[in-house]
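Tertiary structure, described
Residues per chain are reported as follows:
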Amino acid sequence: MNVLNHTNHRPYPIPTSPWVMTQTWNHLLFAHWPVPVSLIRELIPINLTIDTFNGYAWIGIVPFEMSLIRMRWLPPIPFTTHFPEINVRTYVIAENKPGVYFFSLDATNSLAVAAARAFFSLPYYKAQMQVTTDKEKVFYKSKRTHKNITQAQFTADYRPVSDIFHAHKATLDYWLTERYCLYTHKNSDLYRGDIHHLPWPLQKAESEISLNTMFPLLHSTITETKPLLHYAHQLKVLIWPLVKVNE
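Residues numbered from 1 in each chain as written. Predicted model: local features only at pLDDT ≥ 70, side-chain atom pairs only at ≥ 80, totals over all residues. Heavy atoms only, no water.

The next point concerns helix H2 (residues 110-119). Those residues of H2 that sit buried are Ala112, Val113 and Ala116. Buried residues of H2, seen end-on, are gathered within an arc of 100 degrees and therefore sit on one face of the element. Opposite the buried face of H2, at more than 90 degrees from it, the exposed residues are Leu111, Ala118 and Phe119. For H2, the capping residue at the N-terminal end is Asn109, with a side-chain oxygen 3.1 Å from the backbone nitrogen of Leu111. (Buried < 20%, exposed > 50% of the residue type's maximum accessible area, 1.4 Å probe, protein only. Helix = DSSP H or I, 4+ residues; strand = E, 2+ residues; numbered from the N terminus. Arc of directions from axis to C-beta. Polar contact = N/O pair within 3.5 Å; in protein donor to acceptor, adjacent residues only side chain to side chain.)

Given below as structure tokens:
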């Protein structure tokens, strides 16, 4: 299926320029907690508006595995096409386009980490990870090993517990997951990186998170509450290069 032929689910049109990279995301968990805007305001660039739902910002921790990674018009680069990743994120708006702002992205592949830091100006960090599956259950373990960076760990198992559904617009499920760009800073300027994919094939999920130090501000009074959980088995994604945001 050509994903570019399906765009009605998006909140705004796809870019007119060509996409430059494709990835497939596998065995993905969305774990989300609502937090006061004041908790993260100083961590977000002032030229980004923190997006809220019912008055709260949301922090997401998203472990998954990447595969089938390649640049457009090029063959896959050996040893860079499949690896696990975990990111910590919140939700923001610029130029009326809702998107994602990453506090951190941890991955096992050193080349991918270096490339993402250099070309996408993203806070990628090297980590040791172990991911195994048993039928529908995923066992995920990550330990950051990047030098001179605050250490972070995540250990959990998770699995889907419902049929697949597509979130309806105006719902929290849609608001948290159907995001089609990221925002980042590069040389003090704000940039947007667009993506495109089909609607998320979501499933309700359950998880046992036994260790979570991915985001220090998520203190125990927050993480001891049950997160909102979603699972997605697989999704193909197209990625565009960064473009400068008019501030």
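After that view of the structure, there is still more to cover.
Moving on: the side chain of Arg89. With respect to the helices and strands, Arg89 occurs in strand E4 (residues 83-94). Despite its burial, Arg89 pairs with no opposite charge; the closest candidate is Glu85, at 7.9 Å N-O. At 3.0 Å, the side chain of Arg89 and the side chain of Tyr91 are in polar contact. Setting aside residues up to four positions removed in sequence, Arg89 forms contacts with Phe30, Trp58, Ile59, Gly60, Val62, Val100, Tyr101, Phe102, Phe103 and Leu176. (Lys, Arg positive; Asp, Glu negative; His and termini not counted. Salt bridge = Lys/Arg side-chain N within 4 Å of Asp/Glu carboxyl O. Contact = heavy atoms within 4.5 Å.)

Once that is clear, we can look at the packing of aromatic side chains. Tallied over the entire structure, the rule returns eight aromatic pairs. Between Trp25 and Trp200 the ring centres are 6.0 Å apart and the planes differ by 25 degrees, which places this aromatic pair in the stacked class. Of this pair, Trp25 sits in strand E1 (residues 21-35) while Trp200 sits in the loop between strand E10 (189-196) and strand E11 (202-212), and the two are 175 residues apart along the sequence. Assessed through its relative accessible area of 15%, Trp25 is described here as buried. (Phe/Tyr/Trp six-rings, centres within 6.5 Å; stacked < 30°, edge-to-face > 60°.)

The next thing to look at is the pairing of strand E7 (residues 137-144). Only one face of E7 is buried: it carries Val138, Tyr140, Ser142 and Arg144, and the other face, with Lys137, Phe139, Lys141 and Lys143, is open. In terms of strand pairing, strand E6 (residues 124-134) meets E7 through eight bridges, oriented antiparallel. Directly across from Val131, in E7, lies its bridge partner Tyr140. The turn joining E6 and E7, which pair antiparallel and follow one another in sequence, is formed by two residues; a positive phi near 60 degrees is taken by Lys135. Of the pairings in the sheet, the one linking E7 to strand E8 (residues 153-160) comprises six bridges and is antiparallel in character. Residue pairing for E8: Tyr140 is matched across the bridge by Ala156. (Pairing = 2+ DSSP bridges.)

Next up on the list: the environment of Leu39. Here Leu39 shows up in helix H1 (residues 37-40). Using a relative accessible area of 22% as the deciding quantity, one classes Leu39 as partly exposed. Sequence-wise, Leu39 and Ala57 are 18 residues apart; in three dimensions their C-alpha atoms are separated by 8.9 Å.

Once that is clear, we can look at the environment of Met66. Mapping Met66 onto the fold places it in strand E3 (residues 57-71). Between the C-alpha atom of Met66 and that of Thr184, which follows or precedes it by 118 residues, the distance is 21 Å.

On to the nonpolar core. Side chains that are nonpolar tend, in soluble globular proteins, to be buried together. Grouped together as the largest cluster of nonpolar side chains are 38 residues, with contacts concentrated most on Leu48, Ile59, Ile61, Phe103, Tyr183 and Leu218. With 37 residues, the next largest nonpolar core counts Phe30, Val100, Leu105 and Phe120 among its residues. (Core = buried A, V, L, I, M, F, W, Y, C linked by side-chain atoms within 4.5 Å.)

This next bit is on the layout of surface pockets. As a volume, the largest pocket reaches approximately 860 Å³. Along the walls of the largest pocket sit 44 residues, with Met21, Gln23, Phe120, Tyr124 and Ile239 positioned nearest its centre. Those elements that provide at least two residues to the lining of the largest pocket are E1, E3, E4, strand E5 (97-107), H2, strand E9 (181-186), E10 and strand E12 (228-244). Residues that form the lining of the largest pocket fall into these classes: 33 nonpolar, six polar and five charged. Each pocket or cavity is described by its volume, and for the second largest pocket that value is around 260 Å³. Lining the second largest pocket, in full, are Trp33, Ser207, Glu208, Ile209, Asn212, Thr223, Glu224, Thr225, Lys226, Pro227 and Leu229. Broken down by element, the residue count for the lining of the second largest pocket peaks at four residues, all from E11. The class makeup of the residues in the lining of the second largest pocket is four nonpolar, four polar and three charged. (1 Å grid on protein atoms, 1.4 Å probe; cavity = no way out; pocket = protein on both sides within 12 Å on 5 of 7 lines; lining within 4 Å. Points joined across faces, edges and corners; volume = space filled by probe spheres on them. Nonpolar A, V, L, I, M, F, W, Y, C, P; charged D, E, K, R; others polar.)

What follows concerns the pairing of E10. Taken across its eight residues, E10 has seven buried, putting it largely inside the fold. The turn linking E9 back onto E10 is made up of two residues, and Asn187 within it adopts a positive phi angle of 55 degrees. In this sheet, E12 lies alongside E10 in antiparallel orientation, the contact comprising five bridges. Bridged to Ile195 within E12 is Ile239.

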